[in-house]
Amino acid sequence: DQQVKQNSPSLSVQEGRISILNCDYTNSMFDYFLWYKKYPAEGPTFLISISSIKDKNEDGRFTVFLNKSAKHLSLHIVPSQPGDSAVYFCAAASTGANSKLTFGKGITLSVRP
Amino acid sequence: GAGVSQSPSNKVTEKGKDVELRCDPISGHTALYWYRQSLGQGLEFLIYFQGNSAPDKSGLPSDRFSAERTGGSVSTLTIQRTQQEDSAVYLCASSFSYLNTGELFFGEGSRLTVL
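A brief structural summary. Since the model is a prediction, treat every value here as computed from it, not as a measurement. (Residues numbered from 1 in each chain as written. Chains lettered and ligands numbered in written order. Predicted model: local features only at pLDDT ≥ 70, side-chain atom pairs only at ≥ 80, totals over all residues. Heavy atoms only, no water.)

**Some details on the nonpolar core**
- Core analysis: the biggest nonpolar cluster contains 24 residues, and F33, W35, L73, L75 and Y88 of chain A have the highest contact counts within it.
- Among the secondary structure elements, those contributing two or more residues to this core are β3 (19–25), β4 (32–38), β5 (45–51), β7 (62–67), β8 (72–77), β9 (86–93) and β11 (107–112) of chain A.
- Among the elements that make up this core, the one with the highest residue count is β9 of chain A (four residues).
- Once residues lying within four places of it in the same chain are set aside, the contact partners of L75 of chain A are S19, I20, L21, W35, L47, I48, F62, T63 and Y88 of chain A.
- If you look at the next biggest cluster of nonpolar residues, it comprises 20 residues, including C23, L32, I47 and Y90 of chain B. (Core = buried A, V, L, I, M, F, W, Y, C linked by side-chain atoms within 4.5 Å. Buried < 20%, exposed > 50% of the residue type's maximum accessible area, 1.4 Å probe, protein only. Helix = DSSP H or I, 4+ residues; strand = E, 2+ residues; numbered from the N terminus. Contact = heavy atoms within 4.5 Å.)

Structure follows, in structure tokens:
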């Protein structure tokens, strides 16, 4: 029972273009969402987050959009750079007691020079 | 360094043997988490600690898996009688609190291969 779904396993974009990474969730109790980035042989690192009281959060080249009615969020990277090539994990949590992060399977982003 | 430290980074073992994986969290972080990533899969939650207690053990796959945390710091994940399906990268993370509105800081992981 996958509560956080990243249905596309990979994405390839040209340097300078926009990368759009999608994520869907099924648990309506989730109210906090995060994106993590992972390079090979390293642990995931936090990228950006959004609370369910917002529909957009921006940090430099990275913007996360949340559509609660559709239970969908997306990460936009503009402009994409070769150094952005990594695996991106979507994660969600319910901020009640004993919450934990539930992760998707990840999307491998390749940015072509 | 000041990050989450895990050891060993790589472990190859024979089926049926026991293994111990160690995690040293960031100093001052009260919450500690164990996740694993099997080939082609996402990060699967195993267990988390708040201090020395484990409020949520729901992700442990079987009773062959156990974890403890002593002194509110170092944690050990033990897998008894390892099976081939236990092969995965085991990731430890820590954070200031258990509410998960803050980021988790991950270690580099321990890659376990069961032959």
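**Digging into the sheet that holds β3 of chain A**
Residues and elements named next belong to chain A.
- Taken in spatial order, the five strands of this open sheet run β1-β3-β8-β7-β6, and their pairing is antiparallel. In the strand order of this sheet, the two ends are held by β1 (4–5) and β6 (56–59), each with one partner.
- Judged from the six bridges that link them, β7 and β8 form a sheet pairing that is antiparallel. By the bridge assignment, T63 is partnered in β8 with H76. (Pairing = 2+ DSSP bridges.)

**Looking at a nonpolar patch on the surface**
- Taken together, the side chains of I18, I20 and V78 of chain A present a nonpolar region at the surface, about 230 Å² in accessible area.
- Within the secondary structure layout, I18 of chain A lies in the loop between β2 (10–14) and β3. (Patch = residues over 30% accessible without salt bridge, like charges linked within 9 Å, V, L, I, M, F, W, Y side chains within 5 Å. Areas by Shrake-Rupley, 256 points an atom, 1.4 Å probe, with all protein chains shown as cover. Salt bridge = Lys/Arg side-chain N within 4 Å of Asp/Glu carboxyl O.)

**Re unusual backbone geometry**
- Here the amide bond leading from V78 of chain A into P79 of chain A is cis, since omega sits at -10 degrees, within 30 degrees of zero.
- Tracing the chain through its elements places P79 of chain A in the loop between β8 and β9.
- Omega for the bond connecting S7 of chain B with P8 of chain B falls within 30 degrees of zero, at -10 degrees, which places this linkage in the cis form.
- Mapping P8 of chain B onto the fold places it in the loop between β1 (5–7) and β2 (10–13).
- Positive phi outside glycine occurs at K71 of chain A, with the angle close to 55 degrees.
- Relative to the elements of secondary structure, K71 of chain A occurs in the loop between β7 and β8.
- The class for K71 of chain A is partly exposed, based on a relative accessible area of 28%.
- Located in the positive-phi region is R81 of chain B, a residue other than glycine, with phi close to 50 degrees.

**What to know about the environment of N57 of chain A**
All names here are of chain A.
- Along the polypeptide, N57 turns up in strand β6.
- When neighbours within four sequence positions are excluded, N57 is seen to be in contact with I48, S49, I50, F62, T63 and V64.
- In terms of polar contacts, N57 uses its side chain to reach the backbone carbonyl oxygen of S49, at 2.7 Å. (Polar contact = N/O pair within 3.5 Å; in protein donor to acceptor, adjacent residues only side chain to side chain.)

**Considerations on the side chain of Q37 of chain B**
- Along the chain, Q37 of chain B turns up in strand β4 (residues 31–37).
- The exposure class assigned to Q37 of chain B is buried, which follows from its relative accessible area of 19%.
- Here the side chain of Q37 of chain B touches Q41 of chain B through a polar contact of 3.2 Å, landing on its backbone oxygen.
- The contacts of Q37 of chain B, once residues within four sequence positions are left out, are K38 and F89 of chain A together with G42, L43, A88 and V89 of chain B.

**Observations regarding the side chain of H29 of chain B**
Residue and element names in this part refer to chain B.
- Secondary-structure assignment places H29 in the loop between β3 (19–24) and β4.
- On the accessibility criterion, H29 (4% relative accessible area) is buried.
- Reaching out from H29, the side chain makes a polar contact with the side chain of S94 at a distance of 2.7 Å.
- Sequence-distant contacts of H29, that is, excluding residues within four places in its chain, are made with R69, G72, S94, S95, F96 and F105.

**Structural notes on the sheet that holds β1 of chain B**
All names here are of chain B.
- Pairing in this open sheet of four strands is antiparallel, and the strands run β1-β3-β8-β7 from one edge to the other. Either end of the sheet is taken by a strand with one partner, and the two such strands are β1 and β7 (65–69). Across this sheet, the average inter-strand angle for adjacent strands is 15 degrees, counted without regard to direction.
- Inspection of the sheet shows β7 paired to strand β8 (residues 75–79) by five bridges, in the antiparallel sense. Bridging across to β8, E68 finds its partner in T76. (Axes fitted to C-alpha atoms, helices over the stretch in contact; angles between N-to-C directions.)

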